[in-house]
Amino acid sequence: NAGVTQTPKFQVLKTGQSMTLQCAQDMNHEYMSWYRQDPGMGLRLIHYSVGAGITDQGEVPNGYNVSRSTTEDFPLRLLSAAPSQTSVYFCASSYFWGGGFTGTDTQYFGPGTRLTVL
Amino acid sequence: GQQLNQSPQSMFIQEGEDVSMNCTSSSIFNTWLWYKQDPGEGPVLLIALYKAGELTSNGRLTAQFGITRKDSFLNISASIPSDVGIYFCAGQEVTVHSSNTGKLIFGQGTTLQVKP
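Computed from a predicted model, the values in this text were never measured in an experiment.

Draft legend 1. Highlighting the overall build of chain A. Counting its secondary structure elements, chain A contains zero helices and 13 strands. From first element to last, N terminus to C terminus, chain A shows the α and β order β-β-β-β-β-β-β-β-β-β-β-β-β. A compact globule built from 118 residues should have a C-alpha radius of gyration of about 13 Å, and chain A, at 14 Å, falls within 12% of that. Principal-axis analysis of the C-alpha atoms gives chain A an extent of 45 × 30 × 30 Å. Taking all 118 residues of chain A together, 51% fall into the buried category. For chain A, the proportion of contacts with a sequence separation of at least 24, taken over those separated by at least 6, is 55%. When the accessible surface of chain A is totalled, it reaches about 5,200 Å², and 54% of it is carbon and sulfur. Computed over 7 positive and 8 negative side-chain charges, the separation of the two mean positions in chain A equals 14 Å.

Draft legend 2. Molecular detail of the layout of surface pockets. Its boundaries defined by the atoms lining it, the second largest pocket holds a volume of some 200 Å³. For the second largest pocket, the lining is made up of 15 residues, of which A:Gln37, A:Asp38, A:Pro39, A:Gly40 and B:Ile86 are closest to its centre. Looking at the lining of the second largest pocket, the elements that each hand over two or more residues are β9 (87-94) of chain A together with β9 (85-92) and β11 (110-115) of chain B.

Draft legend 3. Focus on the state of the cysteines. Applying the stated criterion to the full structure yields two disulfides over all chains. Between the sulfur of A:Cys23 and that of A:Cys91 lies a disulfide, 1.8 Å long from S to S. Because the sign of the S-S torsion sets the handedness, a value of about -70° for the bond joining A:Cys23 and A:Cys91 places this disulfide among the left-handed ones. Highlighted residues: A:Cys23 in strand β3 (residues 19-25) and A:Cys91 in strand β9, separated in sequence by 68 residues. One exposure class covers both A:Cys23 and A:Cys91, and it is buried. One disulfide in the model links B:Cys23 with B:Cys89; its S-S distance is 1.6 Å. Across the disulfide from B:Cys23 to B:Cys89, rotation about the S-S bond amounts to roughly -80°, and the bridge is consequently left-handed. One end of the pair, B:Cys23, is in strand β3 (residues 19-25); the other, B:Cys89, is in strand β9, and 66 residues separate them in sequence. Each of the two residues, B:Cys23 as well as B:Cys89, counts as buried.

Draft legend 4. Quick peek at the side chain of A:His29. Checked against the element boundaries, A:His29 lands in the loop between β3 and β4 (31-37). The buried category is assigned to A:His29, whose relative accessible area is 1%.

Draft legend 5. Local environment of the nonpolar core. If you look at the biggest cluster of nonpolar residues, it comprises 22 residues, and the most contacted ones within it are B:Trp32, B:Trp34, B:Leu74 and B:Leu112. For this core, the elements supplying multiple residues, two or more each, are β2 (10-14), β3, β4 (31-37), β5 (44-49), β7 (61-65), β8 (71-76), β9 and β11 of chain B. Discounting chain neighbours no more than four positions away, the residues touching B:Leu74 are B:Val19, B:Ser20, B:Met21, B:Trp34, B:Leu46, B:Ile47, B:Leu61, B:Thr62, B:Ala63 and B:Tyr87. By size, the runner-up hydrophobic cluster in this structure holds 20 residues, among which are A:Cys23, A:Met32, A:Val60 and A:Phe74.

Draft legend 6. Spotlight on the sheet that holds strand β8 (residues 76-78) of chain A. Residues and elements named next belong to chain A. In space, the four strands of this open sheet follow the order β1-β3-β8-β7, with antiparallel pairing throughout. Edge positions in the sheet fall to β1 (4-7) and β7 (64-66), since each of these pairs with one other strand and no more. When strand polarity is set aside, the average angle formed by the axes of neighbouring strands in this sheet is 20°.

Draft legend 7. Representation of the interface of chain B and chain A. Of the residues lining the interface, 23 residues belong to chain B; the matching set on chain A comes to 27 residues. Interface of chain B and chain A: buried area, both sides summed, is about 1,900 Å²; carbon and sulfur atoms make up 55% of it. Contact with chain A buries area across many residues of chain B, yet B:Thr101, B:Lys103 and B:Phe106 alone supply 24% of it, more than any other trio. Linking chain B with chain A are zero salt bridges, by the criterion used here. Our enumeration of links across chain B and chain A arrives at three residue pairs in polar contact (both at pLDDT 80 or more). Only β4, β9 and β10 (104-106) of chain B provide two or more residues apiece to the side of chain B that touches chain A.

Draft legend 8. Layout of empty space enclosed by the protein. Within the structure shown, the criterion is met by one cavity of 30 Å³ or more. Put simply, the largest cavity is a space of about 50 Å³. Together, A:Trp97, A:Thr104, A:Asp105, A:Thr106, B:Thr31, B:Leu33, B:Tyr50 and B:Gln92 line the largest cavity. Per-class residue counts for the lining of the largest cavity are three nonpolar, four polar and one charged.

Reading the values: the criteria
- Residues numbered from 1 in each chain as written.
- Chains lettered and ligands numbered in written order.
- Predicted model: local features only at pLDDT ≥ 70, side-chain atom pairs only at ≥ 80, totals over all residues.
- Heavy atoms only, no water.
- Helix = DSSP H or I, 4+ residues; strand = E, 2+ residues; numbered from the N terminus.
- Rg over C-alpha atoms; globule rule 2.2 N^0.38 Å.
- Buried < 20%, exposed > 50% of the residue type's maximum accessible area, 1.4 Å probe, protein only.
- Contact = heavy atoms within 4.5 Å.
- Areas by Shrake-Rupley, 256 points an atom, 1.4 Å probe, with all protein chains shown as cover.
- Lys, Arg positive; Asp, Glu negative; His and termini not counted.
- Charge placed at Lys NZ, Arg CZ, Asp CG, Glu CD.
- 1 Å grid on protein atoms, 1.4 Å probe; cavity = no way out; pocket = protein on both sides within 12 Å on 5 of 7 lines; lining within 4 Å.
- Points joined across faces, edges and corners; volume = space filled by probe spheres on them.
- Disulfide = S-S within 2.5 Å.
- Core = buried A, V, L, I, M, F, W, Y, C linked by side-chain atoms within 4.5 Å.
- Pairing = 2+ DSSP bridges.
- Axes fitted to C-alpha atoms, helices over the stretch in contact; angles between N-to-C directions.
- Buried area = accessible area lost by both parts, 1.4 Å probe.
- Salt bridge = Lys/Arg side-chain N within 4 Å of Asp/Glu carboxyl O.
- Polar contact = N/O pair within 3.5 Å; in protein donor to acceptor, adjacent residues only side chain to side chain.
- Nonpolar A, V, L, I, M, F, W, Y, C, P; charged D, E, K, R; others polar.

Dropping the structure here:
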């Protein structure tokens, strides 16, 4: 059981380049999310998904796209990288309480991807 | 949007001292969580609180869910060098509707340094 895995661990991009940050989990969790962490700002939610085929925007979605074609994978795409997207990116997953009350169980975080945009 | 204010921003203490940090929110949460992040790693859950007034311990860590549901604190007793790291509070709404589904709102973090 590998938990939540993220690749790459480090990445340097030039302004305008595109790339995909990979996230995978093997816990059969319905809920997956992407956060970015910047100094002094905690973690901010970019996008999230409550199941395959379902995604929604978080607090800071601009400049990022996501898709959820399988339960296991939740890639984050930067279409045209900007220096403001220099950050540490974390993927998280958990069980999801759907139905009448919605929420999630404990969210497990991956080790992070450190991205620098020059 | 919702905001969490976490304080203090940083602490530098002597080994063996007790530590206290807290979070306040502009809105009500149904769940309060405390995470610790070691350098180069993702956050790891320390304590989860699900009910107003709840006081929960995990070894030397104790956390409480405020009665108003707008605040929480974390105490660490008899600190040791491996307590070093960044501690985050996070709040989550558990709603009847699908809005805010599962979203965690994080505080800015408290950086703890322990001097042996």
